[in-house]
Every structure is written in structure tokens, then in C-alpha cells.
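Each chain, letter by letter, is given below.
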Amino acid sequence: MARCVTCGSELHPERAEKYDYCTKRECRERNAKPLTIAAVAVNKAADQYLVLDDRAKEDLAAGSYQDQRKSSSVTDRPRPQGARVPPPGARSVRRAPAPQPGRPSWSKAQEDLALIYAERGMRPDEIAERLGTSRYKVTEMILAARRRVKR
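Residues numbered from 1 in each chain as written. Predicted model: local features only at pLDDT ≥ 70, side-chain atom pairs only at ≥ 80, totals over all residues. Heavy atoms only, no water.

Enquirer: Report on the nonpolar core, specifying residues and quantitative values.
Expert: Across soluble globular proteins, nonpolar side chains show a tendency to be buried alongside one another. With eleven residues, the main nonpolar core is built from Trp 106, Ala 114, Tyr 117, Ala 118, Ile 127, Ala 128, Leu 131, Val 138, Met 141, Ile 142 and Ala 144. For this core, the secondary structure elements donating two or more residues are α5 (108–119), α6 (124–131) and α7 (135–150). Looking at which element gives the most residues to this core, the answer is α7, with four residues. Discounting chain neighbours no more than four positions away, the residues touching Ala 128 are Thr 133, Ser 134, Arg 135 and Val 138. Residues Cys 4, Leu 11, Tyr 21 and Cys 27 belong to the second largest nonpolar core, which totals five residues. (Core = buried A, V, L, I, M, F, W, Y, C linked by side-chain atoms within 4.5 Å. Buried < 20%, exposed > 50% of the residue type's maximum accessible area, 1.4 Å probe, protein only. Helix = DSSP H or I, 4+ residues; strand = E, 2+ residues; numbered from the N terminus. Contact = heavy atoms within 4.5 Å.)

Enquirer: Run through the pattern of salt bridges, naming residues and quoting values.
Expert: Using the criterion set out here, one finds five salt bridges in the structure. A salt bridge links Glu 10 to Arg 3, with the nearest nitrogen and oxygen atoms 3.7 Å apart. Its relative accessible area of 49% is what places Glu 10 among the partly exposed residues. The residue Arg 25 makes a salt bridge to Glu 29 at a minimum N-O spacing of 3.4 Å. (Salt bridge = Lys/Arg side-chain N within 4 Å of Asp/Glu carboxyl O.)

Structure follows, in C-alpha cells:
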């Protein structure tokens, strides 16, 4: 029977397969080693985390987790002919598409309901809850409807 290295109590056989100490707080605090965690593949959808053991450190040093689309040093291939290289210090700027004037992102029925609810004295957040949309969109609907009525 395996025994705890700190207090000498008997270890459960399944615990003894991986650990040489018991689950008492004092024994865990004395023997447990903290793990270092690193975020390796960070994107909009989900982050991937990795426990940094010796193998993972070697993989990181070798460049296994670098985004090959962004780093040509990872691929060890020459650049294709005609590939555009930005000058040093240049920034790439992405511009948002221009909003389409006159094309609201809600239906006429939603706008009419929002206006009716607003005229009854409901707050925009209450209207948004009823219509299943955001408070900001409800405010846009009400303002658009009132602008159209004033013309």
C-alpha cells in the first residue's frame, strides 16, 4: 500500500498512480507544483491554452505555434515573385464598409411597433425586450419613424 510522503497516511490506489502525496490541504500545499499556462492560438472564436512542460517549450522555441500566414520565417520558403512587401513603418488600415443610406436593418412592422410602444410611454429597453432587439436599434427605429412623420 502506497503512503503519503508528507504525513504517512495511506493513499488510494488510483491516486497513487499519479501522486505520492494525499489530498489533505497541508500535503497538497507542500507537494503540489504550480503549472505554467500559455495562450498559444488566440483568435476571435476561441483561445487555446497549453501547459508549458519541457516538450511544449521545445515546440514553442521551434515555432510550431506561430501563425504561418503572418510569419514568413516559419515557412522557410522564399517569397513568391511579385509579392508585395510594405515599406518599414507602414501600417495596414482596414476601413469599415460605408453604411447603406436609406436601408434600415429592421422591418417597417418593427418600426411601427416601436413607435406605438414609445407613444404609450414605454422605455427603449422595454421595447427592445418585446421586439427582441437592442435598445440602440429601438432608438434608431423611433428616431427614423419620427423623422419621416415630420417631413
